[in-house]
Amino acid sequence: MNLLEKLDAAAAARKALLPNGVGAFGIPIEEVYSATEARIGHRRVLLLGTNNYLGLTFAPECLEAAHEAIDEEGTGTTGSRMANGSYFGHRALEKEFADFYQCSSGMVFTTGYQANLGTISGLVGRGDTVLIDGDSHASIYDGCILSGADIIRFKHNDMVDMEKRLCRLGERTQTTLIIAEGIYSMLGDQAPLAEIVKLKNKYNCTLLLDEAHSLGVLGETGQGLVEKTGLLKEVDFITGTFSKSLCSIGGFCVSNHSQLEQLRYVSHPYIFTASPSPATIASTRAALKLLSGGTELRDQLWKNSNQLYTKLEETGYTLGPEPGPVIAAIVDNPQQALALWQGLLDHDIYVNLILPPAAPEGKSLVRCSVNAAHTIEQMDYVGSIFAKLKQEIFK
């Protein structure tokens, strides 16, 4: 089988999961009306498949900041951070992120994916070890692969399995990087950070926590799981993305270790890519200010999340283990998941369909992403349609 035939085989596997040309992935959104509504084809749909957790994509403060940056600095930097791509805004945002997390330094990356890719591959290399949760995001896996370090996976959120693997490493734990996530994007569950920190300290490892889905969601000021658990000072490196709660695109890493600054000179994903546009940086700075300025948006997000989670649980759906902005209905087979996804779209509700192998344990997921801009009435409607489809599909 040659290179192109491998792609044909992948296409055939995809067609087997999605018969009759159903386009469940990459659906073009024709128009966006607000943080909660858009047009797909001829349908005006309720958006429940975006990670716009605080609903800030149309926040006047973010729009105004982006417009001003375009007018004053143009549409792009046309260069990497190591060349001409470090503008005042880039450095200012790095300081603002460091201050937000009470850390000494921060780095801004062009995407959240690159934040993990660049941080992990800069921290570890050949002869080192990365110990990662089996349900880690692809950016974590790819960062580990790029690093050349030995990759060891432990069962999802299983601390007994994690410690078994640490025991086997012996003295190599001193050059081991443990990686976990604040909220896991598939099922919406949280890492047992307190137990991870105990093992990290017991075996003298280094810990990186990806707060991509928990930034703006957890904690009094929205720092994420580190704030909810009171373990900020126990985590060595924190990464995250702008594309969830901060309604933009990009990523960051913060740390109290002085060595973070050296990553600028050894991290290829940081060195060899153009820096984020001025408008992106400006809107992110405005969003970070809104995120940290009060609890109103987080409070509303949690009201909406708890409302929908409770309704789906009462209806009889199998869900992830705890409420949160990510609410996934776990379905045994792809055909039923596809029918549920299509049924929701037929009722003008857009959600995400996750099929094997992306979904854990061979299951399929119909995943909702709740945000602070959703109304109680919208959550009621979504819950009622899920209940209706439960009777029709899962007889």
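Residues numbered from 1 in each chain as written. Predicted model: local features only at pLDDT ≥ 70, side-chain atom pairs only at ≥ 80, totals over all residues. Heavy atoms only, no water.

Before we move on, could you go through the packing of helix α3 (residues 88-100) against helix α11 (residues 278-292) and cite the residues and values that matter?
Axis separation between α3 and α11 bottoms out at 10 Å; the angle between their running directions is 20 degrees. Relative to α11, α3 is oriented roughly parallel. As for how α3 packs across α11, the hand of that crossing is left-handed. Facing α3, whose interface residues are Phe-88, Gly-89, His-90, Ala-92, Leu-93, Glu-96, Phe-97 and Phe-100, α11 presents Ile-281, Thr-284, Arg-285, Leu-288, Leu-291 and Ser-292. (Axes fitted to C-alpha atoms, helices over the stretch in contact; angles between N-to-C directions. Helix = DSSP H or I, 4+ residues; strand = E, 2+ residues; numbered from the N terminus. Parallel < 35°, antiparallel > 145°, perpendicular 65-115°, else oblique. Left-handed = near helix turned anticlockwise from the far one by under 90°. Contact = heavy atoms within 4.5 Å.)

Give a detailed account of α11, specifying residues and quantitative values.
Helix length check: α11 (15 residues) gives 21 Å between terminal C-alpha atoms against 21 Å at 1.5 Å per residue, within 8%. Within α11, eleven of the 15 residues are buried, leaving the element largely enclosed by the surrounding structure. Every buried residue of α11 is listed here: Pro-278, Ala-279, Thr-280, Ile-281, Ala-282, Ser-283, Thr-284, Ala-286, Ala-287, Leu-288 and Leu-291. For α11, the elements touching its buried residues are α2 (60-73), α3, β4 (105-109) and α12 (296-315). (Expected span 1.5 Å × (residues − 1). Buried < 20%, exposed > 50% of the residue type's maximum accessible area, 1.4 Å probe, protein only.)

Help me get a handle on the sheet that holds β4, residues and values and all.
Within the open sheet, the seven strands sit side by side as β4-β10-β9-β8-β7-β5-β6. Their pairing is mixed. With one partner strand each, in any of the chains shown, β4 and β6 (150-154) form the two edges of the open sheet. Going from strand to strand, the sheet's axes swing by 20 degrees on average, the running direction of each strand aside. In the sheet, strand β7 (residues 176-181) pairs with strand β8 (residues 206-210) via five bridges, with the strands oriented parallel. Bridge assignment links Ile-178 to a residue of β8, and that residue is Leu-207. Strands in contact with helix α4 (residues 112-123) are β4, β7, β8, β9 (237-241) and β10 (251-255); relative to β9, the strand with the most contacts, it is inclined by about 155 degrees. On top of the sheet, helix α5 (residues 138-147) reaches β5 (129-133), β6, β7 and β8; it is set at about 165 degrees to β5, its chief contact. (Pairing = 2+ DSSP bridges.)

Report on the nonpolar core, specifying residues and quantitative values.
Ranked by size, the top nonpolar core spans 89 residues in total, and within it Phe-97, Tyr-101 and Phe-386 carry the most contacts. Leave out the neighbours within four places in its chain, and Phe-97 touches Leu-215, Phe-242, Leu-246, Phe-252, Val-254 and Leu-288. Counting 19 residues, the second-largest nonpolar core is a separate cluster that includes Ala-115, Ala-149, Leu-208 and Leu-260. (Core = buried A, V, L, I, M, F, W, Y, C linked by side-chain atoms within 4.5 Å.)

Which residues make up a nonpolar patch on the surface, and what values go with them?
Taken together, the side chains of Ile-29, Val-32, Phe-58 and Leu-63 define a hydrophobic patch exposed on the protein surface, amounting to about 310 Å² of accessible area. Position of Val-32 among the secondary structure elements: in strand β1 (residues 31-32). (Patch = residues over 30% accessible without salt bridge, like charges linked within 9 Å, V, L, I, M, F, W, Y side chains within 5 Å. Areas by Shrake-Rupley, 256 points an atom, 1.4 Å probe, with all protein chains shown as cover. Salt bridge = Lys/Arg side-chain N within 4 Å of Asp/Glu carboxyl O.)

Describe the pairing of strand β14 (residues 364-369), with residues and values.
A regular strand places its side chains so that they alternate between the two faces of the sheet. Summarising burial for β14: six of the six residues are buried, a large majority. Here strand β11 (residues 326-331) runs beside β14; their pairing, made up of six bridges, is antiparallel. Bridge pairing in β14 places Ile-327 opposite Cys-368.

Can you tell me about the side chain of Asn-371, naming the residues and giving the values?
Assignment of secondary structure puts Asn-371 in the loop between β14 and α14 (376-393). Judged by its relative accessible area of 0%, Asn-371 falls in the buried class. Polar side-chain contacts of Asn-371 include one of 2.6 Å to the backbone nitrogen of Ala-373. Ignoring sequence-local partners within four residues, the contact set of Asn-371 consists of Ala-35, Thr-36, Thr-50, Asn-52, Tyr-53, Gly-55, Leu-301 and Asn-304. (Polar contact = N/O pair within 3.5 Å; in protein donor to acceptor, adjacent residues only side chain to side chain.)

With reference to specific residues and values, describe a negative patch on the surface.
A cluster of like negative charges, contributed by Glu-61, Glu-64, Glu-68, Asp-71, Glu-72 and Glu-73, occupies part of the molecular surface. Looking at where Glu-68 falls in the secondary structure, it is placed in helix α2. Take Glu-68: its relative accessible area is 39%, and that puts it in the partly exposed class. (Lys, Arg positive; Asp, Glu negative; His and termini not counted. Charge placed at Lys NZ, Arg CZ, Asp CG, Glu CD.)

Residues and numbers for empty space enclosed by the protein, please.
Applying the stated criterion across every chain, the model contains one cavity of 30 Å³ or more. Taken as a whole, the largest cavity holds about 40 Å³ of empty space. For the largest cavity, the full set of lining residues is Asp-135, Ser-136, His-137, His-156, Glu-181, Tyr-184, Ser-185, Met-186, Leu-187 and Asp-189. (1 Å grid on protein atoms, 1.4 Å probe; cavity = no way out; pocket = protein on both sides within 12 Å on 5 of 7 lines; lining within 4 Å. Points joined across faces, edges and corners; volume = space filled by probe spheres on them.)

Can you lay out the sheet that holds β14 for me, pointing to particular residues and giving the numbers?
Strand order in the open sheet formed by three strands is β11-β14-β13, and the pairing between neighbours is antiparallel. Unpaired on one side and paired on the other, β11 and β13 (352-354) mark the two borders of the sheet. Here the average twist between neighbouring strands, direction ignored, is 25 degrees.

Please give an account of the environment of Met-186 that cites residues and values.
For Met-186, the location among the structural elements is in the loop between β7 and α7 (193-202). Taking C-alpha positions, Met-186 is 14 Å from Ile-140, a pair spaced 46 residues apart along the chain. Filtering out sequence-adjacent residues up to four positions away, Met-186 remains in contact with Val-326, Ala-328, Ile-354, Ala-358, Pro-360, Leu-365 and Arg-367.

I'd like to hear about the packing of aromatic side chains, residue by residue, with values.
Each pair of aromatic rings is reported with the distance of its centres and the angle of its planes. Throughout the structure, instances matching the rule amount to seven aromatic pairs. Arranged with centres 5.6 Å apart and planes meeting at 10 degrees, the rings of Phe-97 and Phe-242 form a pair that is stacked. One end of the pair, Phe-97, is in helix α3; the other, Phe-242, is in the loop between β9 and β10, and 145 residues separate them in sequence. The same class applies to Phe-97 as to Phe-242, namely buried. Between the aromatic rings of Phe-97 and Phe-252, the centroid separation amounts to 4.2 Å while the plane-to-plane angle is 15 degrees, which identifies the pairing as stacked. (Phe/Tyr/Trp six-rings, centres within 6.5 Å; stacked < 30°, edge-to-face > 60°.)

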